[in-house]
Amino acid sequence: MEFQDEWRELLAGEVAEAAGDQTLPLILSHREVGELTQVGNLGSLALRTIYAAALRPAELLRLRASDVRGGFVQVDTRRIPLDGLTAGALAQLGLERESLFEATPALLDGWLQSAARSCGVAERYRSCGRGLTAVCLRHACATHLLENGMDLFALHTFLGHQNLGCTRQYLQAAVGLRGAAYARCHPLMAGQRVLPDWKGEDLKAFLDGPAEEAPEPSVASPTIPEVRQILESARSLRDRFMLRAYYATGLRRNELLHCTLGDVVAEEGRIFCRAGKEDKDRYVLVDPVTLQWLAELAPVSALIGLKETRVGEIFRECADRCGLREHYRRQGQVLSLHSLRHAFA
C-alpha cells in the first residue's frame with residue numbers, strides 16, 4: 001500500500017476525505033486520554049488498551065487471553081509492552097474469558113462515544129468538524145510517545161505501519177517537542193512558566209516537507225520593541241490579545257480566524273490549525289498568558305470571532321497610532337498584519 005493511501009485509511013472516519021499528508025488528526029490531550037481510559041468497566045479497559053499499545057480497533061477486538069503474557073501483548077508479529085495496570089486488568093479478564101472483549105465495532109464505538117460525551121471530548125471533536133473514532137487513541141499514543149522521546153524508527157515498529165512516512169506524520173503533531181525552543185526563543189515567553197509537556201527536541205531535521213516561504217522583501221519585519229508598541233497601542237484587551245496571538249503563534253490571518261475553542265488544548269499550550277495554506281493541517285504552540293486571555297475573551301465558539309477585513313483594520317490602526325506604518329513606508333516597506341508572522345520567524 002502506498003503511503004498516501006495508508007495515511008488516508010488511518011484518518012477514515014475522522015475526516016470525510018483526507019488531503020493526503022496535508023491532513024493531520026486531532027490529538028487528544030493527556031487529560032482527555034486519562035478521562036476516557038479510567039478503568040472502571042469493560043469499555044474503559046478496551047479504550048485504555050488501545051491507547052496503551054497503540055492498537056488498531058480491529059486488533060483490539062480479536063485479542064485473546066493467550067495474547068497477553070508477562071506484561072506484553074502479542075499482535076501478529078508485534079510484541080508490545082504494556083503498563084502494569086493495563087497488563088494486570090487484561091490478565092484478570094483473561095481468567096474469565098478467552099476472547100477478551102467479545103465486542104463488535106459498533107459496541108466499541110458506543111463505549112467511546114459514551115465516555116467522550118461525559119468528559120467533553122465529543123463536543124470538542126464536533127466543534128472542530130472531526131469525527132470521533134477509536135483510532136483517536138492510537139493517534140494520541142503515537143504523538144505522546146514521540147513527545148516523551150521514543151525514536152521514530154522504534155515507533156514505526158511499535159505501530160506496525162507499512163510506510164515510514166505514516167509514522168513521520170506524527171512528528172508534525174508532536175508539537176510539544178518544540179516547546180523548550182519556543183519558550184527559550186519567543187520574546188512573549190519571558191518571565192512565563194514552561195509547560196510540563198514542552199520538551200527540548202527540535203523536529204526540523206526530521207521533516208522533509210517544503211521549506212517555509214521566505215519573507216517577501218516588501219513586507220516589514222518589526223523589531224521586538226516595535227511589536228510591543230503595536231500591541232500596547234490597541235484600544236481594547238480583545239484587540240491587544242488578538243494581535244498578540246498572531247505574534248505568539250506565527251499563524252496567517254485566516255488560519256487563526258478559522259480556529260475554534262475546540263482547537264485549543266490549554267493545558268498543553270497548543271492550537272490545532274486545520275486546513276491552512278494549501279489545506280495543510282499543523283499544530284502550533286502559544287504562550288500561557290495569550291492562551292488564557294484568548295479563552296476569556298473569545299466568543300462562544302470562534303477563537304477570534306472577527307471578519308478578515310476588521311482584523312487588518314485593527315492592526316493598521318494600532319500601527320498608525322505609534323507611527324510605525326509611516327516609518328516603514330518611508331523605507332519602501334509595508335507594515336501589515338503579516339509582519340507579525342515575519343517578526344515571529
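Residues numbered from 1 in each chain as written. Predicted model: local features only at pLDDT ≥ 70, side-chain atom pairs only at ≥ 80, totals over all residues. Heavy atoms only, no water.

> Whenever I open this one, the sheet that holds strand S3 (residues 78-81) confuses me. Can you help?
Paired through backbone hydrogen bonds, the strands of a sheet run either parallel or antiparallel to each other. One open sheet accounts for three strands, arranged S1-S2-S3; its pairing is antiparallel. One side of each edge strand has no neighbouring strand; the edge strands of this open sheet are strand S1 (68-69) and S3. As judged from the four bridges shared by strand S2 (residues 72-75) and S3, these two strands associate in the antiparallel manner. Bridging across to S3, Phe-72 finds its partner in Pro-81. (Pairing = 2+ DSSP bridges. Helix = DSSP H or I, 4+ residues; strand = E, 2+ residues; numbered from the N terminus.)

> Before we go on, may I ask you to explain helix H12 (residues 224-232) in this structure?
Taken together, the buried positions of H12 are occupied by Glu-226, Val-227, Ile-230 and Leu-231. For H12, the buried positions fall inside an angular range of 140° around the axis, keeping them on one side. Relative to its buried face, H12 has exposed residues pointing more than 90 degrees away, namely Pro-225 and Glu-232. Looking at the buried residues of H12, the elements they touch are helix H13 (237-249), helix H16 (308-321), helix H17 (324-330) and helix H18 (338-344). (Buried < 20%, exposed > 50% of the residue type's maximum accessible area, 1.4 Å probe, protein only. Arc of directions from axis to C-beta. Contact = heavy atoms within 4.5 Å.)

> When you look at the pattern of salt bridges in this model, what are you seeing that I'm missing?
Oppositely charged side chains are able to pair whenever their charged atoms sit close together. Going through the model one piece at a time under the given rule, you end up with 26 salt bridges. Between Glu-35 and Arg-31 there is a salt bridge; the shortest N-O distance is 3.3 Å. Separated by four residues within a single helix, Glu-35 and Arg-31 lie in helix H2 (residues 30-36), roughly one turn from each other. Here Asp-287 makes a salt bridge to Arg-244, at a shortest N to O gap of 3.0 Å. Within this pair, whereas Asp-287 is found in the loop between strand S6 (282-285) and helix H15 (288-297), its partner Arg-244 is found in helix H13, the two being separated by 43 residues in sequence. Residue Arg-244 is classed as buried on the basis of its relative accessible area of 15%. Where salt bridges share partners, they join Arg-310, Glu-313, Glu-317 and Arg-321 into one cluster. (Salt bridge = Lys/Arg side-chain N within 4 Å of Asp/Glu carboxyl O.)

> When you look at helix H3 (residues 42-53) in this model, what are you seeing that I'm missing?
Note that an α-helix has 3.6 residues per turn; residues three or four places apart therefore point the same way. Over its 12 residues, H3 extends 17 Å from the first C-alpha to the last, a length consistent with the 16 Å expected when each residue adds 1.5 Å. Counted residue by residue, H3 has 10 buried out of 12 residues, so it is predominantly covered. For H3, the complete set of buried residues consists of Gly-43, Ser-44, Leu-45, Ala-46, Leu-47, Arg-48, Thr-49, Ile-50, Ala-52 and Ala-53. The opening residue of H3, the one whose side-chain oxygen lies 3.1 Å from the backbone nitrogen of Gly-43, is Asn-41. One or two residues past the end of H3 sits Ala-54, with phi positive at roughly 50°. (Expected span 1.5 Å × (residues − 1). Polar contact = N/O pair within 3.5 Å; in protein donor to acceptor, adjacent residues only side chain to side chain.)

> Whenever I open this one, the environment of Gly-160 confuses me. Can you help?
Within the element layout of this structure, Gly-160 appears in the loop between helix H9 (152-159) and helix H10 (164-173). For the pair formed by Gly-160 and Leu-297, sequence separation is 137 residues and the distance between their alpha carbons is 44 Å. Apart from residues no more than four positions distant in its own chain, Gly-160 is found in contact with Arg-56 and Arg-78.

> Even after reading the chapter, I still don't get the confidence of the model for the chain, so can you show me in this structure?
Low-confidence regions, as indicated by low pLDDT, have predicted coordinates that should not be scrutinised in detail. Per-residue confidence for the chain gives a mean pLDDT of 87, with 93% of residues at or over 70. Below pLDDT 50 for its whole length, residues 201-217 participates in 21 contacts with residues either more than four positions away or in separate chains. (pLDDT = per-residue confidence, 0-100.)

> Just checking my understanding: could you explain the packing of aromatic side chains for this structure?
Ring pairs (aromatic) are described by centroid distance and by the angle formed between their planes. Taken as a whole, this structure holds three aromatic pairs when the rule is applied. Judged by centre distance (5.1 Å) and plane angle (20°), the ring pair of Phe-241 and Trp-293 falls under stacked. Of this pair, Phe-241 sits in helix H13 while Trp-293 sits in helix H15, placing them 52 residues apart in sequence. Relative to Tyr-283, the ring of Phe-272 lies with its centre 4.5 Å away and its plane at 20°, an arrangement referred to as stacked. Taken together, the residues Phe-272 in strand S5 (residues 270-273) and Tyr-283 in strand S6 connect sequence positions 11 residues apart. Looking at Tyr-283, the relative accessible area reads 4%, which means it is buried. Sitting above the plane of the Phe-72 ring, Arg-79 keeps its charged end 3.9 Å from the centroid. (Phe/Tyr/Trp six-rings, centres within 6.5 Å; stacked < 30°, edge-to-face > 60°. Lys NZ or Arg CZ within 6 Å of the ring centre and 35° of its normal.)

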